[in-house]
Amino acid sequence: MTSGSTLTLDGVVVPAAGSVLDVVLAAGVELPHLCKDDNLPAIGACRTCLVEADGRIVAACSVAASSVREVVSGSERAVRLRRGVLELTAAMVTPGDTSGGPLGVTFRDTLARAGVADSPPDAPQPRSHLDASNSFFTFREDDCILCGRCVSACQALQHISAIGMAGRGRATRVTPGADETFRQSVCTSCGSCVAACPTTALSPRMEVRP
Amino acid sequence: MSVPTATALPVRSGLLAGLHARNSADGWLSRDAVSEVARACRIPVAEAWEAATSYPQFAFAPPIPGPQICMGLSCVLNGAALPDGAVATGCQFRCFDAPAPGADAAFPEAAIRVAGPLLEADSDDWRGFEQASAMSRDEALAAVVGSGLRGRGGAYFPVGRKWESALAEQRPIALVVNAEEGEPGVFKDRALLGRRPRRFIEGLAIAMRVLAPALTVVFVNGEARAARESLEVILPGCDAVLPYSPTVISGGGGYVLGEETTLLNAIEGRKPAPRLRPPYPVESGLFGMPTVVNNVETIANLSVLFRNPEAFRPSGTDAVSGTKLLSLSGRIRRPGLYEVPLGTPLSDVLNMAGGPIVGDITAALVGGPSGGFLPPTEFGEVLRPGLMHPTGAVTGSGGIVVLDSSSDIRMAALAMAAYNAEESCGKCTPCREGSPRLHALLTARSPGPLEPLLEVLGAASLCGLGQMAPGPVRSALFFWPELFS
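Here is what the cut-offs are and how they apply
Residues numbered from 1 in each chain as written. Chains lettered and ligands numbered in written order. Predicted model: local features only at pLDDT ≥ 70, side-chain atom pairs only at ≥ 80, totals over all residues. Heavy atoms only, no water. pLDDT = per-residue confidence, 0-100. Pairing = 2+ DSSP bridges. Helix = DSSP H or I, 4+ residues; strand = E, 2+ residues; numbered from the N terminus. Buried < 20%, exposed > 50% of the residue type's maximum accessible area, 1.4 Å probe, protein only. Contact = heavy atoms within 4.5 Å. Salt bridge = Lys/Arg side-chain N within 4 Å of Asp/Glu carboxyl O. Polar contact = N/O pair within 3.5 Å; in protein donor to acceptor, adjacent residues only side chain to side chain. Nonpolar A, V, L, I, M, F, W, Y, C, P; charged D, E, K, R; others polar. Axes fitted to C-alpha atoms, helices over the stretch in contact; angles between N-to-C directions. Parallel < 35°, antiparallel > 145°, perpendicular 65-115°, else oblique. Left-handed = near helix turned anticlockwise from the far one by under 90°. Phe/Tyr/Trp six-rings, centres within 6.5 Å; stacked < 30°, edge-to-face > 60°. Lys NZ or Arg CZ within 6 Å of the ring centre and 35° of its normal.

A. Up close: the confidence of the model for chain B. In this model, chain B carries an average pLDDT of 94, and 97% of its residues clear a pLDDT of 70 or more. The complex model carries a pTM of 0.96, and its ipTM stands at 0.95.

Next comes the structure, spelled out in structure tokens:
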């Protein structure tokens, strides 16, 4: 077989176009991908789209399909590692009752499909701030999994850069301006961050909906 | 005759210099100060803030006054204690003089214990550069490829192949020298820049001749002030060999800057966090240019190579030619810098260094927070690229911390786990969430099995910091399970 034009996915030969994640999703195979947004380049932060490619564990979003020959999406090791990462992610958030944006159910659905339990409602979280300064949306930190989609949408798609990922390690937080509120920042309320958020952290304000 | 000049770096590359200026003038960085620097560098405030707050060296509140005491592992092993009113700092890279005060100072000549071709006294000629200049650029490149020289930052990638890949792009190249020596227990680049600056400059001149880079940046650890000063003293006198003077940028700390794409983000005035690879820096690196990132020791080796090409290849193992600078510290009689051929057994190096201070050597941490512990039964292993033991030990950038009968191996393993958690940049979930959890589990009364978490951290993390973070813990658990039960 010519390397590059096709690859073997779970034993089936498929066209090798785009990223490995594109190929897997096009084949109808279920694979978590919390930080990969259809409108944005791969971020590679959530590490949930792990598959085995030519025997190596890789994040499917960040590998070109043409650079691998064989992908196994459901190998025992890949499933175990995906589950391990999802468990770490689940422990970051306290389940809330907000509705979220258009993709807000993505994270809950992903956990449910993988059979990963929520963290206990009383689990201490390093991030717990609520920013309700914007008229159109709210930002609840304790629902944030730091996937980076909102920041990428704001910086790389809209070129506004109202928000960034301030701090490092567990102190990392999605932060408007120089530790300001959304209202104090240069945010134009374009809504791209809300549209990109896979959790209920960034939620449209119900009271202003038409 | 035209004088080649460097392409100007975009204004946003001035972020670190601007932050340093305000941090030293005010003692800390206020939100207003960061906003002002951001405007001067034409960077959106949120981007400047996310970058600034990622550097451990900057303060975001007025600092607590008091003497600074280094509480790095080697200093703690040698009895460092924190008196009332003193402020603890991380490793200050003076492990050869442990316990050390928490401030930078010039690297002392006496801490060079064993010198080879890299560390022998600087000569006052430019014979190596003249050798390279007598060749065509292609011939000089072929000499680098043929020498088998590999990168000394720790990954041991073939230098010639990296250069060929960047040149094959047929676009203006950026050359970045990584002097962001941030691994606790390693002080070799500070020694080279501070004590053998001409060897480094000659290597840089050779690299600049072969690569003809449009941009050249030397990125120095922000706390290595003495090394930076040494470089700034010598640079003005190097017009004869350097086509133009490199831009010197001081970092703001952070172990993750050893990862090359993180270093490139730092130079670009962005948040120091790793990029996805591919594309690799040789394809698309600094501001999208094909970029060669080489360590200080790698660059200095070019001088050795062109001065005596015949001597270069046979002096190391088959796989890797040349010598390696080892930074020895901890509970060893003669801590300091040792230059030995790659392929030397670890036991030989420990013997050269005079053995333990008290009792016996009980363990050696080889490769620091990204390496692993080895017990004396494994000291026959030779220094080489890649793993020295499947549980984690790597030669890496050459840091070796020795533990003796007075040392607490469990404490040392916990210190490495804590360090990796602290130094996680926070970008990817496995490292950000997994490394603090690993430390918490280790200190818990009944930690349960750790291997599932070690596997996730090692296999799922985005960059080498998380991928190699399991090493110290996994190796300590493997060789001394009783200490953790």
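B. Main features of the sheet that holds strand S7 (residues 137-140) of chain A. Residues and elements named next belong to chain A. Spatially, S6-S7-S10 is the arrangement adopted by the 3 strands of the open sheet, whose pairing is antiparallel. Strand pairing shows two members of the sheet lacking a second neighbour, strand S6 (130-131) and strand S10 (202-204), which therefore form its edges. Of the strand pairs in this sheet, S7 and S10 are connected by 3 bridges, and their pairing is antiparallel. Looking at S10, one finds that Phe139 is bridged to Leu202.

C. Structural context of the pairing of strand S8 (residues 323-330) of chain B. Residue and element names in this part refer to chain B. Most of S8 sits inside the fold, with 8 of its 8 residues counted as buried. The two faces of S8 match: Thr323, Leu325, Ser327 and Ser329 on one face and Lys324, Leu326, Leu328 and Gly330 on the other face are all buried. Connecting S8 to the next strand, strand S9 (residues 336-341), in antiparallel fashion are 5 residues. In terms of strand pairing, S8 meets strand S12 (residues 399-404) through 4 bridges, oriented parallel. Each residue of the ladder has a partner; that of Leu328, found in S12, is Ile400.

D. Structural view of the interface of chain B and chain A. Listed by partner, the interface residues are 36 residues for chain B and 39 residues for chain A. In this assembly, chain B and chain A are joined by 5 salt bridges. In this structure, Arg77 of chain A and Glu455 of chain B form a salt bridge, with 3.5 Å as the shortest nitrogen-oxygen distance. Taken together, the connections running from chain B to chain A amount to 15 residue pairs in polar contact (both at pLDDT 80 or more). Breaking the side of chain B that touches chain A down by element, the ones donating at least two residues are helix H2 (31-40), helix H3 (45-52), helix H15 (409-423), helix H16 (429-443) and helix H17 (451-460) of chain B. No other element matches the 7 residues that H16 of chain B contributes to the side of chain B that touches chain A. In terms of residue class, the side of chain B that touches chain A is built from 16 nonpolar, 9 polar and 11 charged.

E. Fine view of the packing of helix H9 (residues 197-211) of chain B against helix H10 (residues 225-234) of chain B. Residue and element names in this part refer to chain B. Packing of H9 against H10 leaves a shortest axis separation of 10 Å and a crossing angle of 65 degrees. Classed by the angle they form, the pair H9 and H10 counts as roughly perpendicular. When you trace H9 past H10, the crossing you get is right-handed. Side by side, H9 and H10 meet where Pro197, Arg198, Phe200 and Ile201 of the first sit next to Ser230, Leu231 and Ile234 of the second. By residue class, the composition of the contact of H9 with H10 is 5 nonpolar, 1 polar and 1 charged.

F. Seen up close, the packing of aromatic side chains. Taken as a whole and assessed by the stated rule, the structure comprises 10 aromatic pairs over all chains. Judged by centre distance (6.1 Å) and plane angle (75 degrees), the ring pair of Phe139 of chain A and Phe182 of chain A falls under edge-to-face. On the criterion of sequence distance, the pair formed by Phe139 of chain A in strand S7 and Phe182 of chain A in the loop between strand S9 (173-176) and helix H5 (192-196) is long-range, its members being 43 residues apart. Across this residue pair, the class does not change: Phe139 of chain A and Phe182 of chain A are buried. On the basis of an interplanar angle of 70 degrees and a centroid distance of 5.4 Å, the ring pair of Trp49 of chain B and Phe60 of chain B is categorised as edge-to-face. Residue Trp49 of chain B is located in helix H3, and its partner Phe60 of chain B is located in the loop between H3 and strand S1 (68-70); the two are separated by 11 residues in the primary sequence. Given the relative accessible area of 7%, Trp49 of chain B is considered buried. Among the aromatic residues, ring-to-ring pairing joins Phe137, Phe139 and Phe182 of chain A into one connected group. The ring of Phe93 of chain B has Arg190 of chain B sitting right over it, with the charged end atom 3.9 Å from the ring centre. The residue whose ring lies beneath Arg198 of chain B is Trp126 of chain B, and the NZ or CZ to ring-centre distance is 3.9 Å.

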